[in-house]
Amino acid sequence: MKFRMIPLPPGYSPGGFRCEPPDKDDEIGGFIAQGLAAKAEDEGWLRTFVALDEKDEPVGYFSLMADSIQLDDGVDATAGHYKTAPAIKIARLGVASRMQGQGLGKELFYLALKQVYEVGRRVGVRYITLDSVAEKVSWYKKLGFTETTSAQPTAENGLDPGDRSMYFDLGGTADRMD
């Protein structure tokens, strides 16, 4: 599938963008369709990139934000006296329902990874973090992510208890990707 990526335009709200699983559509699809991504950008929380098809219809997106990971969270890293390590969080990743199962999610993931590597050329970044919906945990594990041992999502922190916080160790490679 051919698509092009653009940074989220100011005030972008395409409406009608739907994602799977259906019980997460308001959260994932609605983030773009209802203009919540544009609001989060305006407030400086994250940056969103939208994949557009040949008709300029949105087919997917990802959002990135600064994060950190606790070094006592089952994470093996040497960081001197620091208790946290720098990370970039894939805050959102969504694929339009009509595009599910065609490999677009993996392509978007690798494009997000490329953005993280670009940041890593200028600023220290050791990990990529994310909160996965329960249905996608095994997919992220296949990509090399590991579940954290604490700080798992709960209803109190606004996420479903079945979801999982995960991390990917860049191992100091963020400044070497071509």
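So, how was this worked out
- Residues numbered from 1 in each chain as written.
- Predicted model: local features only at pLDDT ≥ 70, side-chain atom pairs only at ≥ 80, totals over all residues.
- Heavy atoms only, no water.
- Helix = DSSP H or I, 4+ residues; strand = E, 2+ residues; numbered from the N terminus.
- Buried < 20%, exposed > 50% of the residue type's maximum accessible area, 1.4 Å probe, protein only.
- Contact = heavy atoms within 4.5 Å.
- Salt bridge = Lys/Arg side-chain N within 4 Å of Asp/Glu carboxyl O.
- Core = buried A, V, L, I, M, F, W, Y, C linked by side-chain atoms within 4.5 Å.

J.: Please set out the environment of K106 residue by residue, giving values where relevant.
T.: By the element assignment, K106 lies in helix α3 (residues 104-120). Looking at K106, the relative accessible area reads 41%, which means it is partly exposed. In sequence terms K106 and Y140 are 34 residues apart; their C-alpha atoms lie 9.6 Å from each other. Contact partners of K106, with chain neighbours within four places excluded, come to W139 and L143.

J.: With reference to specific residues and values, describe the pattern of salt bridges.
T.: As enumerated under the stated definition, the model contains 10 salt bridges in all. With a closest N to O distance of 2.7 Å, E43 and K39 form a salt bridge. Here E43 falls in the partly exposed class, since its relative accessible area comes to 46%. Looking at K39, the relative accessible area reads 47%, which means it is partly exposed. Between D53 and R98 there is a salt bridge whose closest N-O contact spans 3.1 Å. Of this pair, D53 sits in the loop between β2 (47-52) and β3 (58-70) while R98 sits in the loop between β4 (84-95) and α3, placing them 45 residues apart in sequence. A relative accessible area of 8% means that D53 is categorised as buried. Overall, R98 belongs to the partly exposed group, its relative accessible area being 49%. The structure contains a network of salt bridges with shared partners spanning D67, K89 and D131.

J.: Describe the side chain of S63, listing the residues and the values that go with them.
T.: For S63, the location among the structural elements is in strand β3. Under the relative-accessibility criterion, S63 is labelled buried at 0%. In this structure, S63 is in contact with F31, L46, R47, T48, K89, I90, A91 and R92, ignoring residues within four places of it in sequence.

J.: Which residues make up the nonpolar core, and what values do they have?
T.: Formed by 28 residues in total, the largest nonpolar core has its most connected members in I90, L93, I128, F145 and L170. Only β2, β3, β4, α3, β5 (127-132), α4 (137-142) and β7 (164-169) provide two or more residues apiece to this core. Sorting elements by how many residues they give to this core places α3 first, with seven residues. Residues in contact with I90, not counting those within four places in the same chain, are S63, L64, F109, A112, I128, T129 and L130. Listed in part, the 12 residues of the second largest apolar core include I32, A40, V50 and L52.

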